[in-house]
Amino acid sequence: MSRSQTHRLRVNAARLSALAVTAGLCAVVPVALAPSASAAPVSIQLLNFNDFHGRIDANTTKFATTIEQLRAQNPNTLLMSNGDSIGASIFASAVQEDVPTLEVLNALDVATSGVGNHEFDQGYDNLTGLVADTVDFDYLGANVYQKGTQTPALPEYAEFEVGGLTVGVIGAVTLETADIVSPSGIETIDFGDPVAAVNRVAAQLSDGDAANGEADVIVAQYHEGANLTTGLDAAKADRPEFAEIVDGTAAAVDVIFTGHTHQKYAYEAPVPGTDRTRPVLQAGQYGENIGQVSLTVDSETGEVAAYTQQNVARAGTADTSLPRVAAVDAIVDEALDYAAEVGNEPVGEITADITRAYSAPGTTDRSVESTLGTLVGNALRDGVPENLGTPDLGITNPGGLRDDLLFAGNTASNPANTDGVVTVAEANNVLPFLNNVSLVELTGDELAQVFEQQWPVEGRSSTLRLGTSDNVAITTNAAAPAGSRVENIWIDGVLVQPDETYTVSTFSFLAGGGDSFTAFKSGTARDTGLVDRELWFAYLDDASPIEPDFAKHQVNAPGMPTALGVGQGAEINVSGLDLTSLGSPANTELNAYVVDGETGDVVDEAGTATVTAGAATIAVDVPLSAYEGDEIYLVAEPSGTAVGPITVIDERAASTSTGPSAPVTTTTGRGVLVPITVTAEGGVTPTGTVEMRWGGFRQTVELVNGVAPVRLPKEWKPGTYNVGFYYSGDASTARSAVGVRVTVGRANSIVLLTVPNPVKAGATPTLGIQVGNSSGTPYTGRASVSYGGKGYRITIVSGRANFKMPPGRVGNHLITVWIDGNALIAPSASTRGVRIVR
């Protein structure tokens, strides 16, 4: 059969209403009529957009204007979406289950859409229910099958008359879909090879059998694409899935539209097995561009004689005089009014931007952590009510973070949205998916496997770095073989053990193995019934004002030890210390701090290094002053990224410190020697120092032949002291300590009397009194005088006093002076004889 005969069969078949729907899986929809097929070559315009993601905002009417302006250039126009029109939507669409977006697609007369992975966000039943009931077109998915079969679960293709020719459109979704949507929503369907599915349907549409559909022009809409835009060969080399689309799609397909990767390109690609080329396009994201392919088609043979392809940037202004644009404008206004009513209320406050990671301005990077990922991880850990459970950590997937929290306000649209305010709409735009929060019990080994799956795995070719709560630290070796890249995990500073169980708070999407994190399915998951939006909003309210945390939780540090001995050292190479979220500082220093294992106080340093481009090599030397059980953290400044901890152990020979066999007694003002003897196992003579500690007092003495002669200070006041003597240890001998009980008494004193002898009867001589003591402080205090059968009280000042003696009888007498003593000086007394003569 000739191609012209085949063409006539296709056209006739397309006009038979009895064949308009085959098994309910394909639809023939007239789009624009043109002269008969016998006329001159036909110009057909194909317009396509992808990854619109519910962008119901001020740009929506500009997007619509672009489409209508292009439509006006050629009446033979077919408008198509290539998936992800809904899902991960901004608040104005998400708050109404994306109905405003679906209504916009209807208002624009979208002819058909390839199905994207996000169309499955709320499950297959929602797609075939609410979504299908709302739109006026079919979602196409040739590689979506009923579970365990090859029976299509969605329409595979649709046919349209355009300019008198039949255009067949085939849809296929990325094979990643099964791994990047919630598994519970797709339990009744399977996803197959997209290229094989497109080729199967393309063969059907070009086999000359009108009963199974025929088309003059065949368009493949793959919701899959390239990551690189620097050239076709580079894009193919970078992403095998894209190479298979370009090189593996059957020659019967005339045009290939792609999506999913949010990139913009318009390639001219060779058609395998021919000397022809065909256009391969993707229009970026969010309606920023419209993919335009203009075909010149031989109306007799159905051959594409010529084509042009380009991405047309969204119009700068809207033209609401165009009927479809006016209809879109009305939908958008109504949606924005409703969203403003619901979404303009403040829900939290931030002190600076908290954002996703960026590889370049405007280009998010899911392969690294972010300040936003940490914040959401904290919310997942801390936002679960106690009656539902107590998570050890929170984990979020980077693809679930769909917008940033920006400090700058927008009072023009909402007076309440001042700087730092987070509104309901802004918070919703970060987490728009409405996942439930799940608690997953994982062993330490299973948790390590979760983090191993951040690198490319089966079902996903890209790296996805999970966001974690701020109590998690991980060291990796990115160059190690798959399955052994994660070396150490710490939670709350404690090294994760393979057989212990840990509770992870995460989204039901991840708990079900989404994004190819299938290791989650090894654990025991429990759905809390808590919707992520509820937890997220409550956490923002409770934790406000919130500062961005610029510390990274996962760094590359191959071979980093988890324990080091006192006096030991290690050279550690660390990279990946810097975040790339907005406002993130570049680290300049990496310091090793010794932290007291009991108090958490920094007690010493163990090394320092300069950080360049997020990397440093640091020599860590555990000081002899460290104790077993201390911890060493590598801390990058100024971000605060903390790596570790490394636990300090002591493998040196044990030592024993001993003091005097009996309690030590002395008096204030007298320094007494307290010899401390240190012995070690193996007969080694320890070296180093012994430090005496009491209160804030410190005194250090060198060991000599294993003995440190420590002298107590003279200044200690009377009392009983429990004094610690601490041996410092040396390179081969461990530290030790001994306590000694020291009793300090009051200083001894002596009373000296100067008595004039003899004394004349009736005279009143002066008695000189002087008090000496060993405290170093002259005695001031009360004293008693006994003379002539009477007692007297006097005051001694600075160790001296005079006493006026009363007249006495002739004869020999005694005079006695005794001091009361004080806090420092003990009592004492002195007696002298006095002779009175006539």
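As a starting point, this report considers the structure included with it. Values in this document were obtained by computation on a predicted structure and should not be read as measured data.

Criteria and cut-off values
- Residues numbered from 1 in each chain as written.
- Predicted model: local features only at pLDDT ≥ 70, side-chain atom pairs only at ≥ 80, totals over all residues.
- Heavy atoms only, no water.
- Core = buried A, V, L, I, M, F, W, Y, C linked by side-chain atoms within 4.5 Å.
- Buried < 20%, exposed > 50% of the residue type's maximum accessible area, 1.4 Å probe, protein only.
- Helix = DSSP H or I, 4+ residues; strand = E, 2+ residues; numbered from the N terminus.
- Pairing = 2+ DSSP bridges.
- Axes fitted to C-alpha atoms, helices over the stretch in contact; angles between N-to-C directions.
- Phe/Tyr/Trp six-rings, centres within 6.5 Å; stacked < 30°, edge-to-face > 60°.
- Lys NZ or Arg CZ within 6 Å of the ring centre and 35° of its normal.

For the rest of this paragraph, the subject is the nonpolar core. Within soluble globular proteins, side chains that are nonpolar generally end up buried alongside one another. In this structure, Phe 49, Leu 108, Phe 120, Tyr 139, Val 144, Leu 405 and Trp 536 are the most contacted members of the largest nonpolar core, which totals 69 residues. With 6 residues, the top contributor of residues to this core is helix 10 (residues 323-343). Residues Ala 473, Ile 572, Val 611 and Val 622 belong to the second largest nonpolar core, which totals 28 residues.

Next up on the list: the sheet that holds strand 32 (residues 602-610). On the basis of which strands lie adjacent, the open sheet formed by 5 strands has the order 29-35-34-31-32 and mixed pairing. Only two strands of the sheet have a single neighbouring strand rather than two, namely strand 29 (563-565) and strand 32. Within this sheet the neighbouring strands show an average axis-to-axis angle of 30°, counted without direction. Where strand 31 (residues 589-595) and strand 34 (residues 631-637) come together, 7 bridges link them in antiparallel fashion. Following the sheet pairing, Val 595 is matched in strand 34 by Glu 631.

Before going further, it helps to examine the pairing of strand 13 (residues 277-283). The buried count for strand 13 comes to 6 of 7 residues, which makes it a mostly enclosed element. Both strand 11 (residues 255-257) and strand 13 contribute to a ladder of 2 bridges, which runs parallel. Its bridge partner lying in strand 13, Phe 257 is registered against Leu 281. Taken together, the 7 bridges between strand 12 (residues 264-270) and strand 13 define a ladder with antiparallel strand orientation. Among the inter-strand pairings, Ala 266 is bridged to a residue of strand 13, identified as Leu 281.

Our focus in this paragraph is the packing of aromatic side chains. The final tally for this structure, using the stated rule, is 13 aromatic pairs. For the ring pair Phe 49 and Phe 63, a centre distance of 5.0 Å and an interplane angle of 85° mean the geometry is edge-to-face. Remark: Phe 63 occurs in helix 2 (residues 60-71) and Phe 49 occurs in strand 2 (residues 42-49); sequence separation between them is 14 residues. Looking at Phe 49, the relative accessible area reads 1%, which means it is buried. For Phe 63, a relative accessible area of 1% corresponds to the buried category. For the pair Trp 694 and Trp 716, a centre-to-centre distance of 5.9 Å together with 50° between the ring planes defines the contact as tilted. Highlighted residues: Trp 694 in strand 39 (residues 689-694) and Trp 716 in the loop between strand 41 (707-711) and strand 42 (719-727), separated in sequence by 22 residues. Accessibility expressed as a relative area gives 37% for Trp 694, which makes it partly exposed. Through successive ring pairs, a cluster of aromatic residues spans Trp 694, Phe 697, Trp 716 and Tyr 721. It is Arg 693 that lies over the ring of Tyr 726; its NZ or CZ is 4.0 Å from the centre.

By themselves these figures say nothing about function.
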